[in-house]
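One-letter residues, chain by chain:
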Amino acid sequence: MATAGIVAFFVFLWNKLTLQHLEIIAQKQKIYPFNKNRSVSFNEDVIVVNQGDKTTAYSAHCTHLGCRIDKMEGDRFVCPCHGSQYDLNGKVQKGPAFRNLEVLPSSISEDGNTIIIKS
Amino acid sequence: MARKRNKTTFGTVALAMFWLVVASGVVLAIPFDVKDPYLSISSMMVVNPWASLLRNFHYWSSQFFLIFSLIHLYDHFHYKTKIGLKAGIAFRLSLSLLIIFLAMITGFLLKGDADSQQARQILQTLAERIPLIGQSLAYSLLGDPESYQLIYVHHIATFTVFIAIAMVEHGRKYWPPVIDFVLSTAGVFMLSYFLSAPLHDNLNPAVKGPWYFVGFQEILHWLKHPAWSLLIFLGVLVLVYLATVSKERIMFLSKRSLLIYVGFYTGLTLTGLFFRGENWQWMTPWSQEYRYSVLQNFRTPRVDFSPDFELAEAVTSPIIQGRKESCLACHTGTHGFTDSHKAEAIGCISCHGGNAFATDKNQSHRNMILIPGNLTDSRQSCGTTQCHPEIAERVPTGLMATLSGMISVDRFVFNEQENPDLLATVHELGNSPADQHLKNLCVRCHLGNPKTELGPVNEFSRGGGCLACHLNYSEEAEEELANNRKGDLIKAHPEISLNVSNNHCFGCHSRSGRISTNYEGWHETTLLASEMPDSANYRLIEEERVFIKQPADVHHELGLECIDCHHSYELMGDGNHYAHEEDQQDVQCSDCHIDGNPRTITAEKLDDESAIIAALRFGNIDGKEFLVTEKHNRALINTIVENDSIFLLTKNSGKKMIIKAPAAACTRDNAHSSLTCSSCHTAWAPTCIGCHNEYDSNEPGYDMIKNLEQRGTWVEYIGEYNAKLPTLGIRKTEEKTEIIPVIPGMIMTIDLASFTGKENDATIFHRLYAPAAPHTTSSKGRTCTSCHNNPVALGYGEGELDYIVENGKGHWEFKPLYAADKNDGLPADAWVDFLQTRNDKVSTRSNVFPFSVEQQQRILTAGACLTCHEENSSVMQKSLKDFDILLTSRSEKCVLPEWQEFP
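Calculation rules
Residues numbered from 1 in each chain as written. Chains lettered and ligands numbered in written order. Predicted model: local features only at pLDDT ≥ 70, side-chain atom pairs only at ≥ 80, totals over all residues. Helix = DSSP H or I, 4+ residues; strand = E, 2+ residues; numbered from the N terminus. Rg over C-alpha atoms; globule rule 2.2 N^0.38 Å. Buried ≥ 20, exposed ≤ 12 C-beta atoms within 10 Å, placed from the backbone. Contact = placed C-beta atoms within 7 Å. Nonpolar A, V, L, I, M, F, W, Y, C, P; charged D, E, K, R; others polar. Pairing = 2+ DSSP bridges. Axes fitted to C-alpha atoms, helices over the stretch in contact; angles between N-to-C directions. Parallel < 35°, antiparallel > 145°, perpendicular 65-115°, else oblique. Domains from an automatic or database assignment. Left-handed = near helix turned anticlockwise from the far one by under 90°. Core = buried A, V, L, I, M, F, W, Y, C linked by C-beta atoms within 7 Å.

Trainee: Looking at this structure, how should I read the overall build of chain A?
Mentor: When its secondary structure is counted, chain A shows one helix and 11 strands. Listed by position from the N terminus, the elements making up chain A come as α-β-β-β-β-β-β-β-β-β-β-β. In summary, chain A has a C-alpha radius of gyration of 19 Å against a globular reference of 14 Å for 119 residues, an excess of more than 25%. Taking all 119 residues of chain A together, the buried fraction comes to 27%. Taking contacts inside chain A between residues at least 6 apart in sequence as the whole, the part at least 24 apart equals 35%.

Trainee: Is there a simple way to think about the overall build of chain B in this case?
Mentor: Secondary structure summary: chain B contains 40 helices and 23 strands in total. Rg of the C-alpha trace for chain B: 38 Å, well past the compact-globule value of 29 Å for 903 residues, more than 25% over. Seen along its three principal axes, the alpha-carbon backbone of chain B occupies a region of about 135 × 60 × 60 Å. Out of the 903 residues belonging to chain B, those deemed buried represent 42%. Across chain B, contacts joining residues at least 24 apart in sequence account for 65% of those joining residues at least 6 apart.

Trainee: Would you take a moment to explain the interface of chain B and chain A for this structure?
Mentor: The figure often quoted for interface size is the accessible area lost as the parts come together. Chain B puts 30 residues into the contact, and the matching count from chain A is 30 residues. Listed by contribution, the elements that provide at least two residues to the side of chain B that touches chain A are helix H6 (114–128), helix H7 (134–142), helix H10 (211–222), helix H19 (389–394) and helix H32 (608–618) of chain B. If you tally residues by element for the side of chain B that touches chain A, the top one is H6 of chain B, at six residues. For the side of chain B that touches chain A, the per-class residue count stands at 11 nonpolar, 12 polar and seven charged.

Trainee: What exactly am I supposed to notice about the sheet that holds strand S6 (residues 538–541) of chain B here?
Mentor: Working definition: the strands of a sheet are paired by backbone hydrogen bonds and lie parallel or antiparallel to each other. All names here are of chain B. With antiparallel pairing, three strands are arranged side by side in an open sheet as S5-S7-S6. Strand pairing shows two members of the sheet lacking a second neighbour, strand S5 (522–524) and S6, which therefore form its edges. Taking the axes of each pair of neighbouring strands and ignoring which way they run, one obtains an average angle of 35° across the sheet. The sheet contact formed by S5 and strand S7 (residues 545–549) spans three bridges and is antiparallel. Bridge pairing in S7 links histidine 523 to isoleucine 548.

Trainee: Explanation requested: unusual backbone geometry in the structure shown.
Mentor: Most peptide bonds take the trans configuration, and most residues that are not glycine carry a negative phi. All names here are of chain B. Positive phi is not limited to glycine here, since asparagine 202 has a value of about 60°. Mapped onto the elements of the fold, asparagine 202 is located in the loop between helix H9 (178–194) and H10. Using a count of 23 C-beta atoms within 10 Å as the deciding quantity, one classes asparagine 202 as buried. Look at leucine 403: it is not a glycine, yet its phi comes out positive at around 60°. Mapped onto the elements of the fold, leucine 403 is located in the loop between helix H20 (399–402) and helix H21 (404–413). Looking at leucine 403, the number of C-beta atoms within 10 Å reads 22, which means it is buried.

Trainee: Can you walk me through the sheet that holds strand S2 (residues 40–43) of chain A in this structure?
Mentor: Strand order in the open sheet formed by four strands is S2-S3-S4-S9 (chain A), with antiparallel pairing between adjacent strands. Of all the strands in the sheet, the pair left with one neighbour each is S2 and strand S9 (103–104) of chain A.

Trainee: Hey, could you run me through the packing of helix H5 (residues 87–109) of chain B against H6 of chain B in this one?
Mentor: Packed helix pairs are characterised by how far apart their axes lie and by the angle those axes make with each other. Residues and elements named next belong to chain B. Remark: H5 packs on H6, axes separated minimally by 8 Å, with the N-to-C direction vectors making an angle of 135°. Looking at the two axes, H5 sits oblique to H6. Between H5 and H6, the contacting residues are Ile105, Phe108 and Leu109 on the first element and Ser116, Ala119, Arg120 and Leu123 on the second. Of the residues contributing to the contact of H5 with H6, the split by class is five nonpolar, one polar and one charged.

Trainee: Even after reading the chapter, I still don't get the domain arrangement of chain B, so can you show me in this structure?
Mentor: The domain architecture assigned to chain B consists of domain 1 (2–295), domain 2 (506–557), domain 3 (580–587 + 594–661) and domain 4 (677–888). For domain 2 of chain B versus domain 3 of chain B, the distance between C-alpha centres works out to 31 Å.

Trainee: What's the story with the pairing of strand S1 (residues 29–33) of chain A in this structure? I'm lost.
Mentor: Residue and element names in this part refer to chain A. For S1, the tally of buried residues reaches only zero of five residues, placing the bulk of the element at the surface. Here S1 pairs with strand S11 (residues 114–118) via five bridges, running antiparallel. Bridged to lysine 30 within S11 is isoleucine 117.

Trainee: Would you mind showing me how to read the environment of lysine 809 of chain B here?
Mentor: Residue and element names in this part refer to chain B. Within the secondary structure layout, lysine 809 lies in strand S22 (residues 809–816). A count of 11 C-beta atoms within 10 Å places lysine 809 in the exposed class. Each C-alpha atom, one on lysine 809 and one on leucine 896, is 7.4 Å from the other, the two residues being 87 residues apart in sequence. Apart from residues no more than four positions distant in its own chain, lysine 809 is found in contact with Val895 and Glu898.

Trainee: I keep staring at the packing of H5 of chain B against helix H11 (residues 230–245) of chain B and nothing clicks. Help me out?
Mentor: Residues and elements named next belong to chain B. Direction vectors running N to C along H5 and H11 enclose 145°, while the axes themselves pass 9 Å from each other. In this structure, H5 crosses over H11, and the sense of that crossing is right-handed. For the pair H5 and H11, contact is made by Ala87, Ala90, Phe91, Leu93, Ser94, Leu97 and Leu98 and by Phe233, Leu237, Val240, Tyr241, Thr244 and Val245, respectively.

Trainee: Explanation requested: the nonpolar core in the structure shown.
Mentor: Across soluble globular proteins, you tend to see nonpolar side chains buried next to one another. Among the nonpolar cores identified, the biggest contains 97 residues, and Ile69 and Cys81 of chain A together with Met17, Phe18 and Phe65 of chain B are the most heavily contacted of them. When near neighbours in sequence (up to four residues on either side) are disregarded, phenylalanine 18 of chain B contacts Phe65, Ile163 and Met167 of chain B. Listed in part, the 83 residues of the second largest apolar core include Cys508, Tyr569, Met748 and Ala770 of chain B.

This is the structure we're talking about:
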């Protein structure tokens, strides 16, 4: 009983410690240069897609295992690790991934030159 | 007992390896920089051979520690008796198996290269998906995504200490026998000298985990919910535990299960290592990309303690995309690049491949691409992920790479296919008579034909992938190449740039339709070089073809080059396969010479490629407005719409000129609304008639696909070459029917039996005209009579076309210049018989036809008027509005032609 209690206490402490840090990371904003002409741009962990007048920021991490997608083949994003494919709307076109790319909340700066990504 | 303790076992070798790993790790910490691991490791490999050797030592000792630990485990398992460890030790030992893998994988992550970054993502995702504690566990294991600090701490401390304790606890000793140490150290040193630890060049798109997890990567590839794969780990650990503590049946089953698992996993590992390439796609050793996608993963250069360069050069050489490249230690002072292709910006391996981390010349140059940009390797050079991948993918789909029209029409002419508009590619040529004909005589001009020799693009050049258009030698570069002795370092590098000149197009496009020479005002004759008169009106091309001066295209006179009209999506393909050039070709005269409101696009709405090209060529394009093509809706980035005027900027020289609207005559009436601009404004077109093809099995020939000489070839016997106003024909598409210029494309005979050897194969005869874009535009259109009263324009061929009025009745007569062909009775140069309709196989397209008899009659009726009335007379001007009404009010002197009813 006492052992369980001690373990529980340490798990609690550990969770607090790490979750606090995760919270801090989550609050970090990322700012990348933005160019309306670029129909698709890869910025580290974010893919920015311009279609018509709509700009969408997707997480560049494949929903299968989190590998970072950094290229297109034809009009699809292709994951280098296991070949999952997504269309420009982030929709899965070929597995093993089965969930669509995560859309990240984003806004474009007033001068139109940068895009701000909130985690 | 003492002897037994000092006996060498797999366990003691593993122990020896462990201490070697620890010792080398401590020393490796000196040159290693956890803030920038990739740079620090690439620097070690390039600049610091001793540090590199040490890293290799750390790597190889750790790999063998893992291998010997596993063999040690197997060694204990394969006895049938129970091992009989206490539960506590067995638990900690089983757990330490996991910890060994964690120590190994964290070492792998600490390379910081492309492989490591993806492996880190996978590890993080897997950890995060463990219920309840996933997030915390992932963070505790890997720390802040932008830092390697926590991974480093776990690697050198947490996991290492755990392994050390578990080893000493169950082995009850700290040190292995001395001999184990000595042999392990020597063996690992040898290996470390010859085989470097891997480091990804961050360019190759194939990424793989460490060899011991490649099988796991294969499993992950099959799983939709990869987190379940963690149960495999758990299962293995439980089996190891059970095999260690249990007895009899459970022990036996555990061991047997582990054995099956190991066999299965070995198969998966071999699959992952040798049969998986880019995007984890299946790849066989005979695939063209196998070397690049799979074998490159195994590159392990030797440590070179006396590299061919000064270490000081290597130390000061620039950092390229986060890494050091050994190339730049030898190749210093290389110049001649555009800004974006400077060695300081993209290094050498981005284009040339090779091994950036080897320091020996031969090893650095192994698998190097001396001439990058050929389509076979463009995905590894110009088309790598960071550079122009989408273009490298598009170019092979374009007509200049597929030659679809050329191939399809040739097969059609050889009666091998009924339709000249099928899609074809040069890579699929077989051995049919047509395909052999193509291989002997035609298919040298395609972008995929590789450039194999250094030097500038000139009139002899064919193909060369990206270089075909983008390679430019400065005078200095050309001189240095000419004076280069084998082994000299070349400092003046040719430029890869947007400066695509007419000369780049010339090699291929001075042939067949000859648009390059037409454009500059040169017409090919059948004269031999020895017969060429010494006059500025003649020009010798490729040392044997004699050209004579003709009027140049008005756009050429104004200083426009090929690329001033043709944009990147036409020239490099737009990703679609097209059957013929007129389908892929986008720009039309009316896109620039506008009657009415221009179609435009603003700079901020440009597609990425157009915007980049525009900015590179013309600087700041903010707020600018450009014309857009009607056909494919592409921006013409060298046009500017300002106020009410449209300007054109020449792409290479930046010369600004106003674009004129079409003349009133072009747009004012209905009579000629179906004429394309070029049907009036073509000054001349090259024509040839009467060509014969036969196969000569003794003649030395050439296979243009294999680029090899061979015995036996198709031989073409040419007829006459002429330059004249083109014939006109009808093109019917779903959208419109229009009148276009055509030329006698293939009035020819083919001796099929000479190739097949079958006497029954009849000689093929064709009388086909081809749609033409002669590129000989004149600002003034052709005259009315040059069409309405001209037998060549109407498709009858050369001859006398006269309007005869006798006894108040009029009729047209035609006396051909050329004798009737024995094959079809038509004059040698004709397309259609006088006042006849001709259908069926008449042109090199399924939608192009000569004028029907009704259309000829209508044209000739106006022609009859023109025999009396001047072109600019008010009557003829009126005729343009409504010819039929005008005819009803004609005077008695006007005699209209009467048409004989032909059977």
